[in-house]
Amino acid sequence: MINTNSVLDAKGLACPMPIVKTKKAMNGLEAGEVLEVQATDKGSTADMKAWAESSGHQYLGTVEEGTTLKHYLRKASGEETEVKKHEKIISNEELLQVMEVNRNTIILDVRESAEYAFNHIPTAKSLPLGELEQRMGELDKKSEIFVICRTGGRSDLAAQKLTAAGFEQVFNVVPGMSQWNGPSQKSVNE
Amino acid sequence: MTNKVAIIASNGGLFDAYKVFNIATAAAATDQEVAIFFTFEGLNLIHKEANGQLPLPEGKEHFAEGFKKANVPSIPELVTMAQEMDVKFIGCQMTMDVLGMEKEAFVDSIEVGGAVTFLEFAKDADVTLTF
């Protein structure tokens, strides 16, 4: 089960309807929110990918359930252009080295749960940015925490919030999952 | 990239209509500015009465069942959708004069113009298609 903000039923519809309906549904979402599109049109997977690429949204992945294809898309948020403020920064490569030395490294993945489901670092804990404030208590203030998102924007915000709340050793991982070459896994029911 | 798609629709069959409106709505859904110039038989595609019963090519009548089975939207539905997505329809003035047709015979809010109207739109389009 993948958490989404909205579900669009496009089952039984032929091209170009799934894309047209997706476009309309996307207009009703806030930046950063995730849409699930249920379709039976076999061409829709390729179409969704191409559509997301040209319209600037993020295609997360597709899960097949019988004859239904469930596509997951995240609305563009402009996070790439934000100036990063958190000072303690670590590169993807440096994080990999830390992980090799210490298997219990705490990695906090602050992307939406649907993004996490399709590709994440095996040892990373999923804590979407929107839930950070309520769930901060799950974390230890003294330990080193490496915060990661897709491009370093949301993790920057999360790192600032954690530091402000008294966490002492918080690092923002840049650029994040968009360029991650280390071990990763999927946790969607195949 | 200018994000513009210019389409000329000059044939009036059902297959032609799907080619035109599928590409147009898909492009509009991808945030492209789309204009279609309807000329000669292409005007059937936006004719209020004709566009609900466009002919299949001769010998291909059996495709009607396939269209139904695949739940393909009807041409009038695609026209409405294209309009909702701000696809611009330009009816060819010259053809309308030749055939003695009035603007009222066509779906609402079409623009009527000549070849230059279309060329003006198409001059900086990335994609120009003719059907």
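Residues numbered from 1 in each chain as written. Chains lettered and ligands numbered in written order. Predicted model: local features only at pLDDT ≥ 70, side-chain atom pairs only at ≥ 80, totals over all residues. Heavy atoms only, no water.

Caption draft 1: Summary view of the overall build of chain B. The helix and strand inventory of chain B stands at five helices and five strands. Sequence-ordered secondary structure for chain B, helices as α and strands as β, is β-α-β-α-α-β-α-β-α-β. The C-alpha radius of gyration of chain B comes to 14 Å, within 12% of the 14 Å expected for a compact globule of 131 residues. The dimensions of chain B, computed from C-alpha atoms along their principal axes, are 40 × 35 × 25 Å. Counting only residues that meet the buried cut, chain B has 44% of its 131 residues in that class. Here the analysis covers contacts within chain B between residues at least 6 apart in sequence; of these, 78% occur between residues at least 24 apart. Positive and negative charge centroids in chain B, built from 9 and 19 side chains respectively, lie 4 Å apart. (Helix = DSSP H or I, 4+ residues; strand = E, 2+ residues; numbered from the N terminus. Rg over C-alpha atoms; globule rule 2.2 N^0.38 Å. Buried < 20%, exposed > 50% of the residue type's maximum accessible area, 1.4 Å probe, protein only. Contact = heavy atoms within 4.5 Å. Lys, Arg positive; Asp, Glu negative; His and termini not counted. Charge placed at Lys NZ, Arg CZ, Asp CG, Glu CD.)

Caption draft 2: Focus on the layout of surface pockets. Computed from the structure, the largest pocket encloses a volume of approximately 260 Å³. The wall of the largest pocket is formed by 15 residues, among which Ile19 and Asp47 of chain A together with Ala26, Ala27 and Thr30 of chain B lie closest to the centre. Every element with two or more residues in the lining of the largest pocket is listed here: helix H2 (44–55) of chain A together with helix H1 (14–29) of chain B. Partitioned by chemical class, the residues of the lining of the largest pocket number 10 nonpolar, four polar and one charged. (1 Å grid on protein atoms, 1.4 Å probe; cavity = no way out; pocket = protein on both sides within 12 Å on 5 of 7 lines; lining within 4 Å. Points joined across faces, edges and corners; volume = space filled by probe spheres on them. Nonpolar A, V, L, I, M, F, W, Y, C, P; charged D, E, K, R; others polar.)

Caption draft 3: The pairing of strand S8 (residues 144–148) of chain A, seen in detail. Residue and element names in this part refer to chain A. Most of S8 sits out of view: four of its five residues are buried. Inspection of the sheet shows strand S6 (residues 106–109) paired to S8 by four bridges, in the parallel sense. Within S8, the position partnered with leucine 108 by the bridge is valine 147. At this point the chain moves from S8, through helix H6 (residues 153–164), to the parallel strand S9 (residues 169–174), and the crossover so formed is right-handed. (Pairing = 2+ DSSP bridges. Right-handed = clockwise from strand over helix to strand, strands pointing away.)

Caption draft 4: Main features of the pattern of salt bridges. Taken as a whole, this structure holds 16 salt bridges over all chains when the rule is applied. As a salt-bridge pair, lysine 23 of chain A and aspartate 31 of chain B come within 2.4 Å of each other at their nearest N and O atoms. A residue pair is termed interchain when its members come from two chains, as with lysine 23 of chain A in helix H1 (residues 17–27) and aspartate 31 of chain B in the loop between H1 and strand S2 (33–38). On the accessibility criterion, lysine 23 of chain A (15% relative accessible area) is buried. The exposure class assigned to aspartate 31 of chain B is partly exposed, which follows from its relative accessible area of 41%. A salt bridge links glutamate 138 of chain A to lysine 125 of chain A, with the nearest nitrogen and oxygen atoms 2.9 Å apart. Within this pair, whereas glutamate 138 of chain A is found in the loop between helix H5 (132–135) and S8, its partner lysine 125 of chain A is found in strand S7 (residues 125–126), the two being separated by 13 residues in sequence. Taking the relative accessible area as the measure of exposure, lysine 125 of chain A reaches 30% and is therefore partly exposed. (Salt bridge = Lys/Arg side-chain N within 4 Å of Asp/Glu carboxyl O.)

Caption draft 5: Fine view of the UniProt feature "domain: Rhodanese" (unreviewed entry) in chain A. Per the UniProt record, "domain: Rhodanese" (unreviewed entry) is annotated on residues 101–186 of chain A. Along residues 101–186 of chain A the backbone is 27% helical and 20% strand, and the end-to-end C-alpha distance reaches 24 Å. (UniProt positions renumbered as here; feature names shortened; annotations may be inferred.)

Caption draft 6: Examining unusual backbone geometry more closely. Of note, the amide linkage connecting cysteine 15 of chain A to proline 16 of chain A takes the cis form, showing an omega dihedral of 5°. Along the chain, proline 16 of chain A turns up in the loop between strand S1 (6–10) and H1. Here the bond from valine 174 of chain A into proline 175 of chain A is cis, since omega is 0°, no more than 30 degrees from zero. Of note, proline 175 of chain A is situated in the segment after S9. Non-glycine residue aspartate 31 of chain B carries a positive phi angle of around 60°. Even without a glycine there, the phi angle at asparagine 71 of chain B is positive, about 55°. Looking at the secondary structure, you find asparagine 71 of chain B in the loop between helix H2 (63–69) and helix H3 (75–84). By relative accessible area, which is 39% here, asparagine 71 of chain B ends up partly exposed.

Caption draft 7: Just the packing of aromatic side chains, in detail. In this structure the tally under the stated criterion is nine aromatic pairs over all chains. On the basis of an interplanar angle of 45° and a centroid distance of 6.1 Å, the ring pair of phenylalanine 15 of chain B and phenylalanine 67 of chain B is categorised as tilted. Of the two residues, phenylalanine 15 of chain B sits in helix H1 while phenylalanine 67 of chain B sits in helix H2, which places them 52 residues apart along the sequence. Cluster of aromatic residues (ring-pair linked, three or more members): Phe15, Tyr18, Phe63 and Phe67 of chain B. The side chain of lysine 141 of chain A reaches across the aromatic face of phenylalanine 167 of chain A, ending 5.8 Å from its centre. (Phe/Tyr/Trp six-rings, centres within 6.5 Å; stacked < 30°, edge-to-face > 60°. Lys NZ or Arg CZ within 6 Å of the ring centre and 35° of its normal.)

Caption draft 8: Spatial organisation of the domain arrangement of chain A. All names here are of chain A. Looking at the assigned domains, one finds that chain A contains domain 1 (6–75) and domain 2 (89–179). Facing nine residues of domain 1, the contacting portion of domain 2 comprises six residues. Interface of domain 1 and domain 2: buried area, both sides summed, is about 600 Å²; carbon and sulfur atoms make up 68% of it. Counting across the interface, domain 1 meets domain 2 through one salt bridge. In this structure, arginine 74 and glutamate 115 form a salt bridge, with 3.3 Å as the shortest nitrogen-oxygen distance. The tally of links between domain 1 and domain 2 comes to three residue pairs in polar contact (both at pLDDT 80 or more). Mapped by element, the contributors of at least two residues to the side of domain 1 that touches domain 2 are strand S3 (58–65) and strand S4 (68–74). Per-element tally for the side of domain 1 that touches domain 2: the top contributor is S3, with five residues. In terms of residue class, the side of domain 1 that touches domain 2 is built from four nonpolar, four polar and one charged. (Domains from an automatic or database assignment. Buried area = accessible area lost by both parts, 1.4 Å probe. Polar contact = N/O pair within 3.5 Å; in protein donor to acceptor, adjacent residues only side chain to side chain.)

Caption draft 9: Local environment of the pairing of S6 of chain A. In the sheet, S6 of chain A pairs with S7 of chain A via two bridges, with the strands oriented parallel. The partner of leucine 108 of chain A across the bridge, within S7 of chain A, is lysine 125 of chain A.

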